[in-house]
Amino acid sequence: MDGNSRFIASAQDGPHADLETLFRRHLVQPFRKPLLDYNRAACDRALAAHAAWKPAAPLILDAGCGVGWSTLRLAAEFPDHFVIGVDQSSDRLERGKPLPLPANALLLRADLVDFWRLLAERGVRLTRHYNLYPNPWPKIGHLARRWHGHAVFPVWRELGGIVECRSNWRIYIEEMALALGWLGDCPVAAEPYTTADPLTPFEKKYLASGHDLWRCRADLG
(Lines give C-alpha, C1' and ligand atoms only; values in the text may rest on other atoms or scores of the structure.)
Protein backbone atom coordinates (compact mmCIF):
# COMPACT_ATOMS: atom_id res chain seq x y z
CA MET A 1 0.00 0.00 0.00
CA ASP A 2 1.34 3.42 -0.95
CA GLY A 3 1.06 5.89 1.90
CA ASN A 4 -0.25 9.41 1.54
CA SER A 5 -1.27 10.19 5.13
CA ARG A 6 -0.36 13.65 6.34
CA PHE A 7 1.75 13.96 9.46
CA ILE A 8 -0.08 15.24 12.53
CA ALA A 9 0.49 18.92 13.27
CA SER A 10 -0.11 20.37 16.73
CA ALA A 11 0.96 23.32 18.83
CA GLN A 12 1.61 20.84 21.64
CA ASP A 13 5.18 19.66 22.09
CA GLY A 14 4.43 17.36 25.04
CA PRO A 15 1.57 16.14 27.24
CA HIS A 16 -1.13 18.74 27.85
CA ALA A 17 -0.54 20.86 30.94
CA ASP A 18 -4.17 20.44 32.02
CA LEU A 19 -4.36 16.66 31.61
CA GLU A 20 -3.97 15.67 35.26
CA THR A 21 -6.38 18.36 36.48
CA LEU A 22 -9.00 17.20 34.00
CA PHE A 23 -8.39 13.54 34.86
CA ARG A 24 -8.79 14.17 38.61
CA ARG A 25 -11.98 16.14 38.01
CA HIS A 26 -13.51 13.27 36.03
CA LEU A 27 -12.61 10.82 38.81
CA VAL A 28 -14.75 12.65 41.37
CA GLN A 29 -17.56 13.96 39.17
CA PRO A 30 -20.00 11.26 37.99
CA PHE A 31 -20.67 11.23 34.25
CA ARG A 32 -24.44 11.56 33.87
CA LYS A 33 -24.98 11.71 30.12
CA PRO A 34 -28.22 9.78 29.37
CA LEU A 35 -27.78 6.34 27.84
CA LEU A 36 -29.44 5.90 24.45
CA ASP A 37 -31.71 2.96 23.65
CA TYR A 38 -29.82 1.86 20.53
CA ASN A 39 -26.67 1.50 22.62
CA ARG A 40 -28.56 -0.52 25.22
CA ALA A 41 -29.77 -2.80 22.45
CA ALA A 42 -26.24 -3.17 21.08
CA CYS A 43 -24.89 -4.09 24.50
CA ASP A 44 -27.69 -6.62 25.01
CA ARG A 45 -26.91 -8.15 21.62
CA ALA A 46 -23.20 -8.39 22.41
CA LEU A 47 -23.73 -10.11 25.74
CA ALA A 48 -26.32 -12.47 24.26
CA ALA A 49 -23.92 -13.47 21.47
CA HIS A 50 -21.16 -14.08 24.01
CA ALA A 51 -23.49 -16.22 26.13
CA ALA A 52 -24.69 -18.18 23.09
CA TRP A 53 -21.11 -18.99 22.03
CA LYS A 54 -19.35 -19.74 25.34
CA PRO A 55 -20.62 -17.91 28.43
CA ALA A 56 -17.37 -18.42 30.32
CA ALA A 57 -15.11 -17.29 27.46
CA PRO A 58 -12.87 -14.29 28.28
CA LEU A 59 -13.96 -11.07 26.58
CA ILE A 60 -11.93 -8.79 24.33
CA LEU A 61 -13.20 -5.37 23.26
CA ASP A 62 -11.88 -3.86 20.03
CA ALA A 63 -12.99 -0.27 20.62
CA GLY A 64 -13.37 1.86 17.50
CA CYS A 65 -12.76 -1.17 15.29
CA GLY A 66 -13.43 0.64 12.01
CA VAL A 67 -13.87 -1.87 9.19
CA GLY A 68 -13.28 -4.71 11.63
CA TRP A 69 -10.01 -6.15 10.29
CA SER A 70 -8.47 -5.94 13.76
CA THR A 71 -11.49 -7.75 15.24
CA LEU A 72 -10.97 -10.62 12.78
CA ARG A 73 -7.28 -10.78 13.59
CA LEU A 74 -7.85 -10.74 17.33
CA ALA A 75 -10.47 -13.48 17.07
CA ALA A 76 -7.93 -15.64 15.20
CA GLU A 77 -5.12 -14.83 17.64
CA PHE A 78 -7.29 -15.59 20.69
CA PRO A 79 -9.58 -18.44 19.55
CA ASP A 80 -10.76 -19.19 23.09
CA HIS A 81 -11.88 -15.56 23.64
CA PHE A 82 -14.98 -13.76 22.41
CA VAL A 83 -14.12 -10.53 20.58
CA ILE A 84 -16.54 -7.62 20.32
CA GLY A 85 -15.68 -4.99 17.71
CA VAL A 86 -17.53 -1.70 18.19
CA ASP A 87 -17.62 1.32 15.90
CA GLN A 88 -20.04 4.24 15.59
CA SER A 89 -20.12 4.06 11.77
CA SER A 90 -22.37 1.50 10.11
CA ASP A 91 -20.69 2.35 6.79
CA ARG A 92 -17.28 1.28 8.08
CA LEU A 93 -18.67 -1.88 9.66
CA GLU A 94 -20.37 -2.94 6.43
CA ARG A 95 -17.29 -2.64 4.21
CA GLY A 96 -15.79 -5.84 2.77
CA LYS A 97 -13.71 -7.97 5.09
CA PRO A 98 -10.74 -10.15 4.07
CA LEU A 99 -12.35 -13.15 5.82
CA PRO A 100 -15.82 -14.14 7.06
CA LEU A 101 -16.61 -13.24 10.66
CA PRO A 102 -15.71 -16.21 12.88
CA ALA A 103 -18.02 -17.64 15.55
CA ASN A 104 -16.03 -16.01 18.37
CA ALA A 105 -16.44 -12.46 17.07
CA LEU A 106 -19.18 -9.87 16.67
CA LEU A 107 -19.22 -6.44 15.01
CA LEU A 108 -21.59 -3.84 16.41
CA ARG A 109 -22.59 -0.25 15.76
CA ALA A 110 -22.65 1.68 19.02
CA ASP A 111 -21.38 4.84 20.69
CA LEU A 112 -18.43 3.80 22.84
CA VAL A 113 -19.23 6.45 25.45
CA ASP A 114 -22.45 4.56 26.19
CA PHE A 115 -21.16 1.08 25.42
CA TRP A 116 -18.32 1.23 27.94
CA ARG A 117 -20.70 2.45 30.66
CA LEU A 118 -23.28 -0.21 29.82
CA LEU A 119 -20.68 -2.97 30.09
CA ALA A 120 -19.60 -1.63 33.47
CA GLU A 121 -23.22 -1.30 34.58
CA ARG A 122 -23.71 -5.00 33.84
CA GLY A 123 -20.59 -5.98 35.75
CA VAL A 124 -18.64 -7.07 32.67
CA ARG A 125 -14.88 -7.49 33.01
CA LEU A 126 -12.60 -7.51 29.99
CA THR A 127 -9.52 -9.62 29.53
CA ARG A 128 -8.14 -7.33 26.82
CA HIS A 129 -9.19 -3.87 25.67
CA TYR A 130 -7.80 -2.42 22.42
CA ASN A 131 -7.92 1.21 21.31
CA LEU A 132 -6.16 1.26 17.96
CA TYR A 133 -5.56 4.60 16.23
CA PRO A 134 -8.37 6.67 17.72
CA ASN A 135 -8.85 10.21 16.43
CA PRO A 136 -6.01 12.07 18.22
CA TRP A 137 -7.76 15.48 18.26
CA PRO A 138 -4.39 17.28 18.10
CA LYS A 139 -5.56 20.86 18.73
CA ILE A 140 -4.71 22.07 22.23
CA GLY A 141 -8.34 22.93 22.92
CA HIS A 142 -9.46 19.39 22.06
CA LEU A 143 -7.99 17.64 25.13
CA ALA A 144 -11.42 16.66 26.47
CA ARG A 145 -12.22 14.90 23.18
CA ARG A 146 -9.26 12.53 23.50
CA TRP A 147 -10.27 9.33 25.32
CA HIS A 148 -7.89 9.91 28.22
CA GLY A 149 -9.32 13.42 28.64
CA HIS A 150 -12.97 12.40 28.27
CA ALA A 151 -15.38 12.16 31.19
CA VAL A 152 -16.00 8.48 30.37
CA PHE A 153 -12.36 7.49 30.84
CA PRO A 154 -12.57 6.40 34.53
CA VAL A 155 -14.99 3.63 33.48
CA TRP A 156 -12.05 1.81 31.92
CA ARG A 157 -10.85 0.92 35.41
CA GLU A 158 -14.15 -0.83 36.12
CA LEU A 159 -13.80 -2.86 32.91
CA GLY A 160 -10.25 -3.92 33.76
CA GLY A 161 -8.08 -6.07 31.52
CA ILE A 162 -4.91 -5.45 29.58
CA VAL A 163 -5.40 -2.15 27.76
CA GLU A 164 -3.42 -1.42 24.61
CA CYS A 165 -3.55 1.87 22.72
CA ARG A 166 -1.69 2.66 19.49
CA SER A 167 -1.32 5.93 17.61
CA ASN A 168 0.87 7.67 15.07
CA TRP A 169 1.01 10.73 17.36
CA ARG A 170 3.61 10.37 20.11
CA ILE A 171 1.96 12.93 22.39
CA TYR A 172 -1.35 11.05 22.35
CA ILE A 173 0.37 7.91 23.62
CA GLU A 174 2.42 9.85 26.18
CA GLU A 175 -0.80 11.35 27.54
CA MET A 176 -2.59 7.99 27.46
CA ALA A 177 0.29 6.36 29.33
CA LEU A 178 0.13 9.02 32.03
CA ALA A 179 -3.65 8.68 32.39
CA LEU A 180 -3.56 4.87 32.47
CA GLY A 181 -0.83 5.08 35.08
CA TRP A 182 -2.99 7.30 37.27
CA LEU A 183 -5.99 5.06 36.66
CA GLY A 184 -4.18 1.86 37.61
CA ASP A 185 -1.81 3.44 40.15
CA CYS A 186 1.18 2.01 38.31
CA PRO A 187 3.60 3.68 35.87
CA VAL A 188 2.88 3.02 32.18
CA ALA A 189 5.45 3.55 29.43
CA ALA A 190 4.91 5.09 26.01
CA GLU A 191 7.07 3.23 23.53
CA PRO A 192 7.91 3.40 19.83
CA TYR A 193 6.40 0.53 17.89
CA THR A 194 6.88 -1.06 14.53
CA THR A 195 5.54 -4.17 12.88
CA ALA A 196 5.78 -6.08 9.64
CA ASP A 197 2.22 -7.33 10.14
CA PRO A 198 -0.13 -4.34 10.60
CA LEU A 199 -3.28 -5.03 12.60
CA THR A 200 -5.47 -2.35 10.99
CA PRO A 201 -5.69 -0.53 7.64
CA PHE A 202 -4.67 2.68 9.44
CA GLU A 203 -1.56 1.02 10.83
CA LYS A 204 -0.67 -0.26 7.38
CA LYS A 205 -1.20 3.15 5.78
CA TYR A 206 0.75 5.04 8.44
CA LEU A 207 3.69 2.66 8.08
CA ALA A 208 3.62 3.10 4.31
CA SER A 209 3.53 6.87 4.80
CA GLY A 210 6.68 6.81 6.92
CA HIS A 211 4.99 7.72 10.21
CA ASP A 212 6.46 6.69 13.53
CA LEU A 213 4.08 4.47 15.49
CA TRP A 214 3.64 4.53 19.26
CA ARG A 215 1.85 2.38 21.80
CA CYS A 216 1.29 1.93 25.52
CA ARG A 217 -0.03 -1.03 27.47
CA ALA A 218 -1.39 -1.27 30.99
CA ASP A 219 -2.86 -4.05 33.10
CA LEU A 220 -5.95 -2.74 34.90
CA GLY A 221 -6.55 -6.10 36.53
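Structure first, text after, so check above.
Residues numbered from 1 in each chain as written. Predicted model: local features only at pLDDT ≥ 70, side-chain atom pairs only at ≥ 80, totals over all residues. Heavy atoms only, no water.

## Some remarks on the overall build of the protein chain
Thought 1: Broken down by element type, the protein chain carries 8 helices and 7 strands.
Thought 2: The C-alpha extent of the protein chain, read off along each of the three principal axes, is 50 × 45 × 30 Å.
Thought 3: Expressed as a percentage of the 221 residues in the protein chain, the buried residues total 50%.
Thought 4: Long-range contacts, defined here as pairs at least 24 residues apart, represent 76% of the contacts in the protein chain between residues at least 6 apart.
Thought 5: As displayed, the protein chain offers around 10,800 Å² of accessible surface, 52% of which is attributable to carbon and sulfur atoms. (Helix = DSSP H or I, 4+ residues; strand = E, 2+ residues; numbered from the N terminus. Buried < 20%, exposed > 50% of the residue type's maximum accessible area, 1.4 Å probe, protein only. Contact = heavy atoms within 4.5 Å. Areas by Shrake-Rupley, 256 points an atom, 1.4 Å probe, with all protein chains shown as cover.)

## Details of the sheet that holds strand 5 (residues 162-167)
Thought 1: Pairing is mixed in the open sheet, where 7 strands are placed in the order 3-2-1-4-5-7-6. For this open sheet the edge positions go to strand 3 (105-109) and strand 6 (190-193), each flanked by a neighbour on one side alone. Averaged over neighbouring strand pairs, the angle between their axes works out to 20° when direction is ignored. (Pairing = 2+ DSSP bridges. Axes fitted to C-alpha atoms, helices over the stretch in contact; angles between N-to-C directions.)

## A look at the pairing of strand 1 (residues 59-63)
Thought 1: With 5 of 5 residues buried, strand 1 is to be regarded as a mostly interior element.
Thought 2: Side chains of strand 1 alternate between two faces, with Leu59, Leu61 and Ala63 and Ile60 and Asp62 buried alike.
Thought 3: As judged from the 5 bridges shared by strand 1 and strand 2 (residues 82-87), these two strands associate in the parallel manner. Bridge pairing in strand 2 places aspartate 62 opposite glycine 85.
Thought 4: In terms of handedness, the path from strand 1 via helix 3 (residues 69-77) over to strand 2 forms a crossover that is right-handed.
Thought 5: Across 4 bridges, strand 1 lies against strand 4 (residues 128-132) in parallel orientation. Along strand 4, the bridge assignment pairs isoleucine 60 with arginine 128. (Right-handed = clockwise from strand over helix to strand, strands pointing away.)

## Some points on the pattern of salt bridges
Thought 1: This model, assessed by the stated rule, comprises 16 salt bridges.
Thought 2: The salt bridge involving arginine 217 is made with glutamate 191; its shortest N-O contact spans 3.7 Å. Remark: glutamate 191 occurs in strand 6 and arginine 217 occurs in strand 7 (residues 213-219); sequence separation between them is 26 residues.
Thought 3: Several salt bridges converge on common partners, so that one network encompasses Glu164, Arg166, Glu191, Glu203, Arg215 and Arg217. (Salt bridge = Lys/Arg side-chain N within 4 Å of Asp/Glu carboxyl O.)

## Notes on helix 7 (residues 170-184)
Thought 1: Taking 1.5 Å per residue as the helical rise, helix 7 with its 15 residues ought to reach 21 Å, and the 21 Å between its terminal C-alpha atoms agrees with that figure.
Thought 2: Of all the residues in helix 7, the buried ones are Ile171, Tyr172, Ile173, Glu175, Met176, Ala177, Ala179, Leu180, Gly181 and Leu183.
Thought 3: Of the surrounding secondary structure, the elements contacted by the buried residues of helix 7 are helix 1 (19-28), helix 6 (155-159), strand 5, strand 6 and strand 7.
Thought 4: Two residues or fewer after helix 7 comes aspartate 185, characterised by a positive phi angle close to 55°. (Expected span 1.5 Å × (residues − 1).)

## Observations regarding the side chain of aspartate 111
Thought 1: Tracing the chain through its elements places aspartate 111 in the loop between strand 3 and helix 5 (112-121).
Thought 2: No salt bridge is formed by the buried aspartate 111; its nearest oppositely charged neighbour, lysine 33, is found at 4.3 Å.
Thought 3: Here aspartate 111 is in contact with Lys33, Tyr38 and Asn39, once residues within four sequence places are set aside. (Lys, Arg positive; Asp, Glu negative; His and termini not counted.)

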